[in-house]
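Listed below, chain by chain, are the residues.
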Amino acid sequence: MERVYFDANSRKQEAEWKEKAIKELEEWYARQDEQLQKTKANNRAAEEAFVNDIDESSPGTEWERVARLCDFNPKSSKQAKDVSRMRSVLISLKQAPLVH
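You'll find the protein chain entered in an unreviewed UniProt entry as Clathrin light chain, with Colobus angolensis palliatus given as the organism. Recorded in UniProt under Sequence similarities (unreviewed entry), the annotation for the protein chain is "Belongs to the clathrin light chain family." According to the UniProt record, the Function (unreviewed entry) comment for the protein chain is "Clathrin is the major protein of the polyhedral coat of coated pits and vesicles."

(A) Up close: the packing of helix H2 (residues 62-69) against helix H3 (residues 84-95). Where H2 contacts H3, the axes come no closer than 8 Å and their chain directions differ by 145°. In this structure, H2 meets H3 at a crossing whose hand is left-handed. Counted together, Trp63, Glu64, Val66 and Ala67 of H2 and Leu90, Leu93 and Lys94 of H3 form the full contact between these two elements. Of the residues contributing to the contact of H2 with H3, the split by class is five nonpolar, no polar and two charged.

What counts and how
Residues numbered from 1 in each chain as written. Predicted model: local features only at pLDDT ≥ 70, side-chain atom pairs only at ≥ 80, totals over all residues. Heavy atoms only, no water. UniProt positions renumbered as here; feature names shortened; annotations may be inferred. Axes fitted to C-alpha atoms, helices over the stretch in contact; angles between N-to-C directions. Helix = DSSP H or I, 4+ residues; strand = E, 2+ residues; numbered from the N terminus. Left-handed = near helix turned anticlockwise from the far one by under 90°. Contact = heavy atoms within 4.5 Å. Nonpolar A, V, L, I, M, F, W, Y, C, P; charged D, E, K, R; others polar.

Following this line, the structure appears as structure tokens:
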């Protein structure tokens, strides 16, 4: 009798775990889908802004556009290479662009 009770109890517990796992998995998929939708919306907005920025370019603003795409804060850069020389060249070109 005790063995039957043990088997029934373990099956009940296993069913509860499976039910809980299914519920948690559904919640995870819902969160993932929500995050994916947010990422898609952000990417679309960034792409639209980028395309508008390209369309509005005028001669002489090329280095300003390059400077906007670069991270000039040396402390926030997590690169292993030293890019200080490139950074200084880009800053100087932004301030005094080459004349053709």
